[in-house]
Structures are given as structure tokens and as C-alpha cells.
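Secondary and tertiary structure notes
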Amino acid sequence: MSCEHLVCANCSGPVVEGRCPTCRAARAEVHRHGPSVPPALVLAGLVALLFVALLLQRLYG
Ligand SMILES: [Zn+2]
């Protein structure tokens, strides 16, 4: 998701331009979450996958 097409409710300007603190906060919020999942969730997913892989290896290896 991108903030390019968002319009600020405070200054009615494009959020991407960061004209007011609300714009900048909204822009930072969007960019912090980014186009994908948060790094912590990625890490948790990797750990879960590793756990499953080890479990399968124990069961069938
Ligand atoms: Zn604004």
C-alpha cells in the first residue's frame, strides 16, 4: 500500500508531500508498515517454519 493517493484530513493536501504534522505522521505510519508484513511477523513466521521443518525431520527423517 502506498500513501501517494491519500489526502490529508487536516490540510487537504497530498499526504505524500507532508505539508503538516498530520501528513507526516500518516506518511510515517504507512511507510513504517510498508508494503509487506512487519519484520517481527516475518521473523515469527520464519521461526514457525523452522520449527515445523525440524518437527517433520524428526517425524520422517
Ligand atoms: Zn496534512
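Fair warning: this is a prediction, and the values are worked out from it, not measured in the lab. (Residues numbered from 1 in each chain as written. Predicted model: local features only at pLDDT ≥ 70, side-chain atom pairs only at ≥ 80, totals over all residues. Heavy atoms only, no water.)

Coordination sphere of the zinc ion, protein contribution only: Cys8 (SG), Cys11 (SG), Cys20 (SG) and Cys23 (SG), at 2.1 to 2.3 Å. For the zinc ion, the four donor atoms in the first shell make angles of 99 to 116° at the metal, a pattern classed as tetrahedral. Read in sequence order, the donor residues coordinating the zinc ion give the pattern C-x2-C-x8-C-x2-C. Here Cys11 falls in the partly exposed class, since its relative accessible area comes to 30%. (Donors = N, O, S within 2.8 Å, 3.2 Å for Na, K, Ca; no water. Tetrahedral: all angles 85-135°; square planar, octahedral: opposite > 155°, others 65-115°. Buried < 20%, exposed > 50% of the residue type's maximum accessible area, 1.4 Å probe, protein only.)

Side chains of Phe51, Val52, Leu55, Leu56, Leu59 and Tyr60 sit close together on the surface and give an oily, nonpolar patch of about 670 Å² of accessible area. Among the structural elements, Tyr60 can be located in helix 2 (residues 39–60). The class of Tyr60 is exposed, set by a relative accessible area of 67%. (Patch = residues over 30% accessible without salt bridge, like charges linked within 9 Å, V, L, I, M, F, W, Y side chains within 5 Å. Areas by Shrake-Rupley, 256 points an atom, 1.4 Å probe, with all protein chains shown as cover. Salt bridge = Lys/Arg side-chain N within 4 Å of Asp/Glu carboxyl O. Helix = DSSP H or I, 4+ residues; strand = E, 2+ residues; numbered from the N terminus.)

Function-wise, these values are silent; they only describe arrangement.
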